[in-house]
Each structure stands twice: as structure tokens, then as C-alpha cells.
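Notes for the structure review
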Protein chains: 2
Amino acid sequence: MPGGTESSGIAVIGSGVAGLHLALLLQRHGIPVTIYSEQTAAQLASGRMLNTVAHHNTTVRREQELGVDHWELAEYGYFCHHHYIGGPQPLSFPGAFGAPSRAIDYRVYLPRLLADFQERGGDFRAGQQVSPEEIVRLSEQHALVVVATGKGGVSAMFPVIPGKSPYSRPQRRLSAGLYHGIARSEPKGVTMSVAPPHGELLEIPTFSSEGHVTVLLFENVPGGDTEVLADAKYDEDPAAFERLVLEKVRVHHPSVFERIDTARFGLTRPEDLLQGAVTPVLREDYTVLPNGRPVIALGDAHSVVDPVVGQGANSASYSAWELGTVIAEDPNFDERFCQKVAARRANRVQAISDWTNLMIALPPAPHLLQLLGAMSQDPAVADEFTDNFNYPERQWDILATPQRTAAFLAHHGM
Amino acid sequence: MPGGTESSGIAVIGSGVAGLHLALLLQRHGIPVTIYSEQTAAQLASGRMLNTVAHHNTTVRREQELGVDHWELAEYGYFCHHHYIGGPQPLSFPGAFGAPSRAIDYRVYLPRLLADFQERGGDFRAGQQVSPEEIVRLSEQHALVVVATGKGGVSAMFPVIPGKSPYSRPQRRLSAGLYHGIARSEPKGVTMSVAPPHGELLEIPTFSSEGHVTVLLFENVPGGDTEVLADAKYDEDPAAFERLVLEKVRVHHPSVFERIDTARFGLTRPEDLLQGAVTPVLREDYTVLPNGRPVIALGDAHSVVDPVVGQGANSASYSAWELGTVIAEDPNFDERFCQKVAARRANRVQAISDWTNLMIALPPAPHLLQLLGAMSQDPAVADEFTDNFNYPERQWDILATPQRTAAFLAHHGM
């Protein structure tokens, strides 16, 4: 075709977990795929912390299927949640996973998976900020374009679903950092510490370029006592920043504070801090370009969730897997294809969005408090809630309405 | 509760294949269920022929799971389709199933499954014509009401989905009867004989109270040469009726006619004839009553299809199985439950409706004719089309658009 380029293979825009898991799966199916990324591998490996993520075991199993399970669970995994709910009568109780979760800093994780993709012959194009106009051009060169990044304004191609996007602004202001000087909980787990009405602290055992370190992710309610952590400038006075963090942990999160060696405590590196906020949103699964080509939304382009229950990466990975499976089964990229993709991933992706939105609602829903109270009394309830981090649609079966929570607790004899 | 009745168990309105397969599955799960039926078991076993149905192997496998597989496939099953497409250059070719289908007259089938249900302790209430008002009353006595009958006007509770219901009137006028005097095709199979532009004849080896007999199902295009078969009165002159049938088969369906022993040919019994017509329709999966209780549509209350590709009973059985599975997994009968049911069965039920509607479209879609032509040339294509009677969503993957048919044929090197 003179002057043109033949349409071939799948274009994946974005080199986050969504784009990489999709590309690796397509590669396994022998389907040609090109990743277009704003950043080079070296840029992915350096720079400011990208996010704080937990990969639950259902995601780890996908990593095993993809042959990218590089971090042994015995050393890098964690096994439970330690809950602490502050107040006049604090509640403290664990919840166990059926199988371990794992947290790896994405500046370690993403370059490693990208290397896997390239070593297996994958086509990676870096240094490309992809605009909506560029997506039209790519749609004419590829059999299908998948937008797997929330960056560059391309998410706006996919209309927001109002009924599934209840918030117009962030419900928490975030301060996430990697820290030294925090002893592991026992068994090794994530601590979810709630300080009503100020917000939550997630303490996550994580592996980074600095080795085994600890994420402190402060989820600060606007106007609350810890909100300052989202504004304080580390670079202006590192020691003052760390003192402020320590003080807030001491006052609001005693079950974490008791494991801190204050003499050793500190941010691992200046770039290991991320302050910001997220407005949760669920967007349509796809759009059809004026040239008739469909474009699929994946990961942050499709669903953005607050990190409070660590579901974003798992949603993206699940969604990538379902999309890749439909591509392999039915490579006819028309409206029926798009509707199949939507139907295949809706249950879990929507449950993750709905559940996470409930977890950050203010004031907290009475039936959520009822469930947390029941978890403190019955380890079986706490374990089921915890393992459901792998199966968010089951969590939402329990939490979608007060009647469902009551039925679940009645089933547990409560 | 004085004056009231405690809400308990599932109410199934209707004792057709949808209602019975659902009730038998719930029984297996230990979930209390009551069938409300207009007819007694004796009435189901007698009277006019109810319909002509084929149970494809995916449905047979559900019957095996339910422990109601009473008719050995070696004796009662059939193994292929024999296609005949009339015209100046007739086409004749077989298509094989991966595993056998089976056709049993429902006046034999339904009473036998009802007996299974009752022998296992099932609660069956006959003689009840259930009106919409009665459904409101039942909704207050049961945890959930399922409408599994198209009779009595209760379907109208469920709004028609216009985009999925393209016809406002029947596309074929039907004449279905059980006949003696037709030798089996070899291998034993269903003959699908097309006589453009007059319509189709389905010849189905069937077991009835009269033993092994043959269904002739004439699908008559209004205004065509065979339409008279939908109007002719058997009772006024049985011999004349049978001569008329013979003559139409001779003229339009030679591959069937050549197996008829005209001396023995005849309707098995006067009541073994059904003349009528079907307007295909797809309705919403559920409705919510003014009292807040949801009611689920199943079988004919949900989807009515023309019998031309023998999918109605299979759609109803599949839908019953998915519904029963969701009831067992998540017995919280709210809007989330209803949406789960809809999502779980949508792919196959909608594909059955869409595919069947394409098969009766006039004039025939060019890509359907293209596929039939390819089937006559390549046994692999014919076998795939035939086995897809078990997997209608795969059939619709091939037939949803001309582009899909072209891609499918290209995949087969055509």
C-alpha cells in the first residue's frame, strides 16, 4: 500500500502493570504486540516513586503464568493484614490470606518485566508521549489500540460513567514514602491502621532498590490532623519532615509506632516520597474513533481507585488478562469484541471500584463499621474479608448493601 | 406471624424445561423450591403436542449432572445434521456433532423429570393459572419468584428489549407433526432442508409415546408455496392432509421424500400436530415489583425464538443452570443478584436470539449464504457450524457481521 503502513498487531500505550501484563500475555499467545511508552526502561527504573502497590495472590498467579514471578514469596511475600482501629476502645486483630501477597517497588518491578518482554522479542518504543491524535494514527497501523495509561490526557477519550463515579474530588490526600527503621510485624503483613476521623495508615513491607523497606501510605482526610503530611516539604528540611511523620504515627497509629526504631527511622531516599491525591473514576470500556476503529481502555485509563485497599494494580492486571484472553479467542476487533471485553472484566473491575469507594466514604457507612466490629470478634470473618482482597467481587457481595452485610454476619452466626 | 405465611424458598412458575431444570438444580443444592404449574403431571403427558425440541449435548450434559439422563444416547441420540439446499444446483452435505444431541417428545420428557423432582421430595402445585396479581402474593411468601412460562400473559411483566427484538410479527408459519413411515437418515441425524424462497423443513428423529417417530417441522415463509401446511385442517380430512404434506415434501424436500414409505406415511395421532407461529422476542431479565421484590424471567418469559435451529429449550436450560448457580452462590435477592444473573447468561441467551433471528431473516443475509456455500465445500466448516449448535455464542462470533464470516472463512483458507 504505497504511502501507508500495513495494519498489524496490537498497540499498547503505556508500560505500567496493565500494559506489561497484557503485552506479555499476547506474546505468550504468539500475537504481535508493540508497547509505546513515554519513558525508557532507565527512566522507569529511576525518578520519583510511582505509587504504592500490593499484588495479591490472584495477581501473583498471573505473574506465574506469564513467567515473570521473579520474587520468591517466602522472602518477598507477606501473609496477613494487621488491623488497628483507634478510638476510646481500640480494636486490634489480624486477618489471614489463603496465599501470600507481595509488594515490589514499581521502579524495580516494571523494568524487570519490560526486560522479560524484550528478551522474548517484544517491540518496545520509548520516548513517545502519545496524544489522542497519535492514537488515531496508530489505529490505522495496528489491528487494535489499547490505552493502558492515565497520563497525557488520553483517558479523556473514554467517557466517565457517572453512576459508578460518585466523587468529584479526592476523598483522601496522600503521603506515601519508603522508610527505614520499621521492624516487620509478625507474621509479616500489612498493617491497616485507622485513626477516625483523620484517616488511615497503610504500612506495607516492600522490596525496593534499597532492599527490604517499608511503605508508609498515609490516607489523610481533608481537614484532619494528618493532612499536613500531604503538604510538608521533605526537601526543605528532611529531619523536620521525618519528625512530623514520626509524631503523627505516634499519636494516631500506635501499633506501627511500637515497631519503629526512632534512631534509625527515615525516608530511604529523597525521591522515595510521593504526595498527591486521587479522584476515583470509572470510565467506559472503549470508544470508537471517527475512522471506525475501536480503542480499548485498560488500567488507569479505565478505572482509577484510591489506594486505600491496594486494588489498583490488581484491577489492572485482571483486566489485562481478560482483555488478552478475548483477543486470543476472538480477534475480530469490532463492537461485539469490545462488548465481550467489557462483560468479561466488569464483575471484578466494578466491584473493586465500588468497594474502594465505600472504604473512603465519609462518614463511614454503618454496615462497614458493623463488619469491622464483627471481624474483631470472629477470626473467620476477618480471614474471609482479608482473603477477599483476592476476590473483590466477593467482598462486594458482602458490602454492597446493609442487608447483604447482615446476611453475611448471620451466616457466621452473628 | 398471624394471618401471614413465612417467606421461604424459591417459587418457580411453570413446569417446562426451564422450570424443571432450575427446580432440579436447586434441589441438588438443598435449596427449598416449589413449582407452580397450570397443568398436572397427567395433563402434561397428554393433550396436543407442545413443541418440537432438540437437546444438544451441552444440555444433555446438564441432564446428566441433574441425574435425569434417562434416554441412552446410543438409542435415543442423533449424531449429525444433513443439509439440503434446493435450487437450480442443489447442495447436499452433512455436518457432524462432537457429541450427540437428543429429541424426546415433551409429553414424555416433562412428566418424567417432574416425577424425578417429586420422588426427591420436591413440592409441586398443579392446577394453578398464575396471574400477575398472584405473583405479587407469591413474592411475599417466597424468598424469590422465577417466572418460567410464557403462558397466561405473565411475560408482559418483563419489558421487551427493542434493540434485540427486530420482528413485530412471525417470520415463519409453522406446521409441526409426528409422523410414521420415514426411514432414518444415515448416520442418524436431523435433516435441515431449505427450499428457497418457501422456507425450511426440519426432520428430527424423535422419541414419543408412540416409540421412535419423526418430527416434520415445516417453517413456512408467509406467501410461499408451503404456507398452506400451517392452515390445512387435519381433523376435517386426515387423508387429504397427509397427501398435502407428502406432496410438499416431494416437491420441495427430495432428500427427505426419498426416505418416505408413502404407504405407511401418516401422522402418528391426531393430537400430534401443532400449527402456529412465533414472534421472536427478548425481554428484560427481571422486574422489581411495587413491593420491592424482584422477579426473574426464565425460558419463554425471557426469550422466545423461532424453532428453526432448535435452540429454545437449550437456551432455557442454560439460563436455568446459570440462574440456579447464582442462587446457590449468592442468595441475596436484590438488584445486584438480578444483574449477576443477567450478566451470567447474557452471552449465550443473546447469541441464540441474534443467531436465530438471522436464520429467519428475509431475504437471507449474503454472508449467511456465503457460509452455507463454504460448508458445502469444506467438511471442517460444516462440522464447526454444526457443533456450534452447542455453543451458540461461537456461532454468533462467526455470523454477527459479514466481516466476521469473511475472517472465519479466511481462517479456514477460503
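Residues numbered from 1 in each chain as written. Chains lettered and ligands numbered in written order. Predicted model: local features only at pLDDT ≥ 70, side-chain atom pairs only at ≥ 80, totals over all residues. Heavy atoms only, no water.

1. Some thoughts on the sheet that holds strand β2 (residues 33-36) of chain B
All names here are of chain B. Ordered by their spatial adjacency, six strands build an open sheet running β5-β2-β1-β6-β15-β14, and the pairing between neighbours is mixed. One side of each edge strand has no neighbouring strand; the edge strands of this open sheet are β5 (123-125) and β14 (286-288). The average undirected angle you get between the axes of adjacent strands in this sheet is 20°. Two elements, β14 and strand β15 (residues 294-297), share three bridges in a ladder whose sense is antiparallel. Residue pairing across strands places V288 opposite P294, the latter belonging to β15. Contacts from helix α1 (residues 17-28) reach β1 (10-13), β2 and β6 (144-147), with the element oriented near 165° to β2. Running over the sheet, helix α6 (residues 132-141) touches β1, β2, β6 and β15 and is turned about 145° from β6. (Pairing = 2+ DSSP bridges. Helix = DSSP H or I, 4+ residues; strand = E, 2+ residues; numbered from the N terminus. Axes fitted to C-alpha atoms, helices over the stretch in contact; angles between N-to-C directions. Contact = heavy atoms within 4.5 Å.)

2. Quick notes on the side chain of H142(A)
Residues and elements named next belong to chain A. In this structure, H142 sits in the loop between α6 (132-141) and β6 (144-147). Classification of H142 as buried rests on a relative accessible area of 6%. There is a polar contact of 3.0 Å between the side chain of H142 and the backbone oxygen of S8. (Buried < 20%, exposed > 50% of the residue type's maximum accessible area, 1.4 Å probe, protein only. Polar contact = N/O pair within 3.5 Å; in protein donor to acceptor, adjacent residues only side chain to side chain.)

3. Side note on the interface of chain B and chain A
Counting residues at the interface gives 14 residues for chain B and 14 residues for chain A. For the pair chain B and chain A, the summed buried area comes to about 1000 Å², and 30% of that belongs to carbon and sulfur atoms. Our count for the contact surface shared by chain B and chain A stands at eight salt bridges. The tally of links from chain B across to chain A stands at 12 residue pairs in polar contact (both at pLDDT 80 or more). Broken down by secondary-structure element, the contributors of at least two residues to the side of chain B that touches chain A are α10 (335-359), α13 (392-399) and α14 (402-411) of chain B. Sorting elements by how many residues they give to the side of chain B that touches chain A places α10(B) first, with four residues. (Buried area = accessible area lost by both parts, 1.4 Å probe. Salt bridge = Lys/Arg side-chain N within 4 Å of Asp/Glu carboxyl O.)

4. Things to note about the pattern of salt bridges
Residues and elements named next belong to chain A. On inspection of all chains with the given rule, the structure shows 56 salt bridges over all chains. The shortest N-O distance in the salt bridge between R107 and D272 comes to 2.7 Å. Placement of the pair is R107 in helix α5 (residues 106-119) and D272 in the loop between β11 (266-267) and β12 (273-277), with a sequence separation of 165 residues. The pair formed by R107 and D272 is uniform in burial state, with each residue classed as buried. In this structure, a network of salt bridges that share partners links the residues D105, R107, E210, R269, E271 and D272.

5. Details of the relation of the copies chain B and chain A
Superposing chain B onto chain A takes a rotation of 180° plus a shift of 0.0 Å along the axis, which leaves an RMSD of 0.0 Å. Interpreted geometrically, this transformation is the action of a two-fold axis. Considering only C-alpha atoms, the residue of chain B closest to the rotation axis is A343(B), which sits at 3.6 Å. Same-surface contact between copies: 100% of interface residues of chain B are shared with the interface of chain A. (Least-squares fit on C-alpha atoms with pLDDT ≥ 70 in both.)

6. What about the confidence of the model for chain A?
All names here are of chain A. With 98% of its residues at a pLDDT of at least 70, chain A reaches an overall mean of 96. Taken together, the stretch residues 1-6 has pLDDT below 50 and engages in three contacts with residues farther than four places along the chain or on a different chain. In the model output, the complex is listed with pTM 0.93 alongside ipTM 0.91. (pLDDT = per-residue confidence, 0-100.)

7. Remarks on the packing of helix α1 (residues 17-28) of chain A against α5(A)
Residue and element names in this part refer to chain A. Running from amino to carboxyl end, α1 crosses α5 at an angle of 25°, the nearest separation of the two axes being 10 Å. When the axis of α1 is compared with that of α5, the two are roughly parallel. For the pair α1 and α5, the sense of crossing is left-handed. Of the residues in α5, those touching α1 at V17, L20, H21, A23, L24 and Q27 are Y106, Y109, L110, L113, L114, D116 and F117. (Parallel < 35°, antiparallel > 145°, perpendicular 65-115°, else oblique. Left-handed = near helix turned anticlockwise from the far one by under 90°.)

8. A few points about α1(A)
Two residues of an α-helix separated by three or four positions point the same way, owing to the 3.6 residues in each turn. Residues and elements named next belong to chain A. A rise of 1.5 Å per residue sets the reference length of α1, with its 12 residues, at 16 Å; its end C-alpha atoms lie 16 Å apart and thus fit the reference within 8%. Counting buried positions along α1 gives 11 out of 12 residues, so the element sits mostly inside the fold. Buried residues of α1: V17, A18, G19, L20, H21, L22, A23, L24, L25, L26 and Q27, and no others. Turning to α1, the residues buried within the fold contact β1 (10-13), β2 (33-36), α3 (57-65), α5, β6 and α9 (312-329). In the segment just after α1, G30 is the residue with positive phi, at about 75°. (Expected span 1.5 Å × (residues − 1).)

9. A closer look at the nonpolar core
Residues and elements named next belong to chain A. With 46 residues, the main nonpolar core has I10, L22, I296, L323, I327 and F337 as its most contacted residues. Of all elements in the fold, only β1, α1, β2, α5, β6, α9 and α10 (335-359) reach the threshold of two or more residues within this core. Top contributing element to this core by residue count: α1, with eight residues. The residues contacting I10, other than those within four sequence positions of it, are L26, I31, P32, V33, T34, H142, L144, V146, I327 and F333. (Core = buried A, V, L, I, M, F, W, Y, C linked by side-chain atoms within 4.5 Å.)

10. Notes on the pairing of β1(A)
Residue and element names in this part refer to chain A. Alternating positions in β1 separate into two faces, I10 and V12 on one and A11 and I13 on the other, with burial throughout. Looking at chain direction, β1 and β6 are connected through four bridges and run parallel. Counted as the bridge partner of I10 is L144 from β6. Note: β1 against β2, four bridges, orientation parallel. By the bridge assignment for β2, A11 is matched with T34. Handedness of the crossover joining β1 and β2 through α1: right-handed. (Right-handed = clockwise from strand over helix to strand, strands pointing away.)

11. Here's the deal with the sheet that holds strand β5 (residues 123-125) of chain A
Residues and elements named next belong to chain A. If you trace the six strands from one edge of the open sheet to the other, you get β5-β2-β1-β6-β15-β14, paired in mixed fashion. Edge strands, defined here as strands with exactly one partner in the open sheet, are β5 and β14 (286-288). Averaged over neighbouring strand pairs, the angle between their axes works out to 20° when direction is ignored. In this fold α1 packs onto β1, β2 and β6, with an angle of close to 165° to the strand it touches most, β2. Packing of α10 onto the sheet brings it into contact with β6, β14 and β15 (294-297), and relative to β15 it is tilted by some 10°.

12. Let's talk about the domain arrangement of chain A
In terms of domain boundaries, chain A breaks down into domain 1 (10-53 + 104-167 + 279-359), domain 2 (173-277) and domain 3 (366-411). In this structure, domain 2 of chain A and domain 3 of chain A have C-alpha centres spaced 27 Å apart. (Domains from an automatic or database assignment.)

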